[in-house]
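A closer look at the structure
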Amino acid sequence: MKSSEDGGADTLSIGALASRFGLATHVLRHWEAMGLLHPGRDAGGRRRYGADDLTRVATILVLKEAGLGLNTIRSLSATADRATRHEILRPAADELRSRIAAAQASLELIEGGLNCKHEDVTQCPNYQRLIAERVCPRSPAGEPVIDAVAPTP
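The notes below deal with the structure included here. (Residues numbered from 1 in each chain as written. Predicted model: local features only at pLDDT ≥ 70, side-chain atom pairs only at ≥ 80, totals over all residues. Heavy atoms only, no water.)

As for the overall build of the chain
- On a plain count of helices and strands, the chain comes out with 6 helices and 2 strands.
- Secondary structure elements in the chain, listed N-terminal to C-terminal, are α-α-β-β-α-α-α-α.
- Across the 153 residues in the chain, those meeting the buried criterion constitute 21%.
- Expressed as a percentage of contacts within the chain between residues at least 6 apart in sequence, the contacts between residues at least 24 apart total 39%. (Helix = DSSP H or I, 4+ residues; strand = E, 2+ residues; numbered from the N terminus. Buried < 20%, exposed > 50% of the residue type's maximum accessible area, 1.4 Å probe, protein only. Contact = heavy atoms within 4.5 Å.)

Put into structure tokens, the structure is as follows:
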């Protein structure tokens, strides 16, 4: 991968690397400040990115797309230990499962509205069930949950 700019064979400038991934250069500088990237420097002190840096940027982007934050990515990059990796990723997996469940519930609500044959959605049994659950939640055993804070007369 020869840079189109002077500064080193088989390396890229910060601008060329940023452009290659559709990023702003300040993003790469921020990742460097966080310890995620460690570019080499040319004789003039300018950053030069090699093949390992391209792989690292691609890895960061894939992990960000998976929902991981930069601090989590930094922690992952600092360990090769499987148990530690699991410790780092388990909360992220739990959070993602929770978001998926919430998105699935939202999709079911929307599809229920789309598939409801009632002219007035308030007459829909699915709508009425959801509202009743919100007004008077039930415990896992099916018992009504009584609010501990009752209004004072």
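Okay, back to it.
Examining the side chain of R48
- One can find R48 in strand 2 (residues 47-48).
- Despite its burial, R48 pairs with no opposite charge; the closest candidate is D42, at 4.9 Å N-O.
- There is a polar contact of 3.0 Å between the side chain of R48 and the side chain of T11. (Lys, Arg positive; Asp, Glu negative; His and termini not counted. Salt bridge = Lys/Arg side-chain N within 4 Å of Asp/Glu carboxyl O. Polar contact = N/O pair within 3.5 Å; in protein donor to acceptor, adjacent residues only side chain to side chain.)

Structural notes on the nonpolar core
- L28 and W31 are the most contacted members of the largest nonpolar core, which totals 20 residues.
- Looking at this core, the elements that each hand over two or more residues are helix 1 (14-21), helix 2 (25-33), helix 3 (51-65) and helix 4 (70-77). (Core = buried A, V, L, I, M, F, W, Y, C linked by side-chain atoms within 4.5 Å.)

Observations concerning a nonpolar patch on the surface
- A contiguous nonpolar surface patch, about 350 Å² in accessible area, is contributed by V121, Y127, I131 and V135.
- Tracing the backbone shows V121 in the loop between helix 5 (82-115) and helix 6 (125-135).
- The class of V121 is partly exposed, set by a relative accessible area of 40%. (Patch = residues over 30% accessible without salt bridge, like charges linked within 9 Å, V, L, I, M, F, W, Y side chains within 5 Å. Areas by Shrake-Rupley, 256 points an atom, 1.4 Å probe, with all protein chains shown as cover.)

Regarding the packing of helix 4 against helix 5
- Between helix 4 and helix 5, the shortest axis-to-axis distance is 10 Å and the interhelical angle comes to 170 degrees. For the element pair helix 4 / helix 5, the angle class is roughly antiparallel. For the pair helix 4 and helix 5, the sense of crossing is left-handed. Mapping the contact onto sequence places T72, S75 and L76 in helix 4 and R85, I88 and L89 in helix 5.
- Looking at the contact of helix 4 with helix 5 residue by residue, the classes come out as 3 nonpolar, 2 polar and 1 charged. (Axes fitted to C-alpha atoms, helices over the stretch in contact; angles between N-to-C directions. Parallel < 35°, antiparallel > 145°, perpendicular 65-115°, else oblique. Left-handed = near helix turned anticlockwise from the far one by under 90°. Nonpolar A, V, L, I, M, F, W, Y, C, P; charged D, E, K, R; others polar.)

What to know about helix 5
- For helix 5, built from 34 residues, the straight-helix expectation of 50 Å at 1.5 Å per residue is met to within 8% by its first-to-last C-alpha distance of 47 Å.
- Along its length, helix 5 shows its largest kink, about 30 degrees, at L89, and proline P91 lies within four residues downstream of that point. (Expected span 1.5 Å × (residues − 1). Bend = angle between axes of the 7 residues up to and from the residue.)

A short note on the environment of D52
- Looking at where D52 falls in the secondary structure, it is placed in helix 3.
- Assessed through its relative accessible area of 68%, D52 is described here as exposed.
- In this structure, the C-alpha to C-alpha distance between D52 and P39, residues 13 residues apart in sequence, is 9.3 Å.

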